[in-house]
Amino acid sequence: MPRSRAHGDGSSRGDGGPGRASPGRASTEFRWAGAPPETPAETTTRLRPVPARRPARAVAAVACVVLGLGLIGGAATGSWLTGDSAAEPAGHDSFTAARALWHSVPVDTLFPRTLKGDGAGPGGADRDWIRIGVAPDSGCAGTLDPLLLGTLRPAGCVRVLRATYADSTSSSVTTVGFVFTQADPAATASLRDRFRNEGLGERADLMPRTFPVKNTVAAGFGDAQRASWTVNVLTDAPVVVFAVSGFADGRTVASPQPVDKAMAKGATTAPAQAGLGHEAKGIADRIERGLRTTVSGGTAAP
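Treat the numbers as computed from the prediction; the structure is a model and nothing was measured.

Enquirer: Is there a simple way to explain the overall build of the chain in this structure?
Expert: Per the secondary structure count, the chain includes 9 helices and 8 strands. Counted over contacts in the chain with a minimum sequence separation of 6, partners at least 24 positions apart contribute 69%. Carbon and sulfur atoms make up 53% of the accessible area of the chain, which amounts to about 14000 Å² in all.

Enquirer: Looking at this structure, how should I read the side chain of Asp 137?
Expert: Structurally, the position occupied by Asp 137 is in the loop between β3 (127–134) and α5 (146–152). Only 3.0 Å separates the side chain of Asp 137 from the side chain of Arg 159, close enough to count as a polar contact.

Enquirer: Explain unusual backbone geometry here, please?
Expert: Excluding glycine, a negative phi dihedral is what most residues carry, and trans is how most peptide bonds are arranged. Of note, Ser 170 is a non-glycine position whose phi angle comes to about 60 degrees, a positive value. For Ser 170, the location among the structural elements is in the loop between β4 (157–167) and β5 (172–181). Given the relative accessible area of 24%, Ser 170 is considered partly exposed. Look at Asn 215: it is not a glycine, yet its phi comes out positive at around 60 degrees. Take Asn 215: it is sitting in the loop between α6 (185–197) and β6 (228–233).

Enquirer: Before we go on, may I ask you to explain helix α9 (residues 276–295) in this structure?
Expert: Along an α-helix, residues three or four apart share an orientation, since each turn contains 3.6 residues. Look at α9: 29 Å from first C-alpha to last across 20 residues, which is about the 28 Å you get at 1.5 Å a residue. Judged by how many residues are buried, α9 sits mostly within the fold: 15 of 20 residues are covered. The positive-phi residue at the C-terminal boundary of α9 is Gly 297, with phi of around 90 degrees.

Enquirer: What exactly am I supposed to notice about the pairing of strand β7 (residues 239–247) here?
Expert: The side chains of a regular strand alternate, first on one face of the sheet and then on the other. By the criterion of burial, β7 is predominantly enclosed, with 9 of the 9 residues buried. Taken together, the 9 bridges between β5 and β7 define a ladder with antiparallel strand orientation. For Val 173, the partnering residue across the bridge sits in β7 and is Gly 246. Taking the residues that link successive antiparallel strands as the turn, the β6-β7 hairpin has 5 residues.

Enquirer: Can you walk me through the pairing of β4 in this structure?
Expert: Most of β4 is tucked away: 9 of the 11 residues are buried. In this structure, β3 lies alongside β4, joined through 5 bridges in antiparallel fashion. Bridging across to β4, Gly 133 finds its partner in Thr 164. Alignment of β4 against β5, held across 9 bridges, turns out to be antiparallel. Bridged to Ala 166 within β5 is Val 173. Between β4 and β5, which pair antiparallel in sequence order, lie 4 residues; one of them, Ser 170, sits at a positive phi of approximately 60 degrees.

Enquirer: What am I meant to see in the state of the cysteines here?
Expert: One covalent bond between the sulfur atoms of two cysteine residues makes up a disulfide. Within this structure, the stated rule accounts for 1 disulfide. Across a sulfur-sulfur distance of 1.7 Å, Cys 140 and Cys 157 are joined as a disulfide pair. Linking Cys 140 and Cys 157, the disulfide has an S-S dihedral of approximately -85 degrees and is accordingly described as left-handed. Highlighted residues: Cys 140 in the loop between β3 and α5 and Cys 157 in strand β4, separated in sequence by 17 residues. Here Cys 140 falls in the buried class, since its relative accessible area comes to 8%.

Enquirer: Can you walk me through the environment of Tyr 165 in this structure?
Expert: By the element assignment, Tyr 165 lies in strand β4. Distance from Tyr 165 to Asp 128, taken between C-alpha atoms, is 9.8 Å for residues 37 residues apart in sequence. A polar contact is formed between the side chain of Tyr 165 and the backbone oxygen of Pro 112, at a distance of 2.6 Å.

Enquirer: How should I be thinking about α6 in this particular structure?
Expert: In a regular helix each residue adds 1.5 Å, so 13 residues correspond to 18 Å; α6 covers 18 Å between its end C-alpha atoms and thus fits that length. Regarding α6, the residues found buried are Thr 188, Leu 191, Arg 192 and Phe 195. Looking down the long axis of α6, one finds its buried residues gathered within 100 degrees of arc, a one-sided arrangement. Every exposed residue of α6 that faces more than 90 degrees away from the buried side is listed here: Ala 186 and Asn 197. In this fold, the buried residues of α6 make contact with α2 (94–98), α5, β6 and β7. One or two positions beyond α6, positive phi appears at Gly 199, with a value near 60 degrees.

How each quantity is defined
Residues numbered from 1 in each chain as written. Predicted model: local features only at pLDDT ≥ 70, side-chain atom pairs only at ≥ 80, totals over all residues. Heavy atoms only, no water. Helix = DSSP H or I, 4+ residues; strand = E, 2+ residues; numbered from the N terminus. Contact = heavy atoms within 4.5 Å. Areas by Shrake-Rupley, 256 points an atom, 1.4 Å probe, with all protein chains shown as cover. Polar contact = N/O pair within 3.5 Å; in protein donor to acceptor, adjacent residues only side chain to side chain. Buried < 20%, exposed > 50% of the residue type's maximum accessible area, 1.4 Å probe, protein only. Expected span 1.5 Å × (residues − 1). Pairing = 2+ DSSP bridges. Disulfide = S-S within 2.5 Å. Arc of directions from axis to C-beta.

Scope: geometric values only; no functional claims are made or implied.
Right under this line is the structure:
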């Protein structure tokens, strides 16, 4: 996994703003210009300064690596590297490793700058989305609606990562995110069963919040603009994936719909006719797919 890179003054560059996304910092925003924002491929949601290189130590380090490889062979295969290059002990399964992804994986891996949605629109139409803002990683309180936070509390909410995308025509905006939890596989399965059995994913009072981005088409994307949403509790990682979509012109939506209803054949509501259920579902599916690919050790593709 690429190491995070920092500049000599300890700062780092990200998506058009401060590259270090840590609690309390201003959100990373972009001015909308109809093109993907410039983002270094190796930025992470939480960048750490990299110590200055010292030639003598580098040579010694190389020697140690060569000797170490001869001693341990493939014992460390599958180890996960965190942002400060500290490897977790071998033997941690992918479920446990996924718990640390919020601070160890590049932003562009979790939230690609562009997403391809072949066949993801109404009637199988193609969609393309461009990332216009990435929020700093944050705690759960204040980022999630209190009622949704209470519903997730048994899983132990740890961190929330969010990004906002716009479609290529600048007519819709969608906030997508991850909620990383402390849950073990059994607790995660229990939470998923509860969402399914009690229909929690279709309750408007449990709808995820948006991430508006100043000076972009998502500047007015607030709670009243939410049109369609999805919440999916994964069982192969301690993560909840969510997405919420709306109109890019900032209009309010009186009756938002979960994606299943907004995508239903014959639906005539504004979110359904505008394809906003497809927007939320399509983006969430691709972000979720990328996370699973990263957990499995592969290379995520938008």
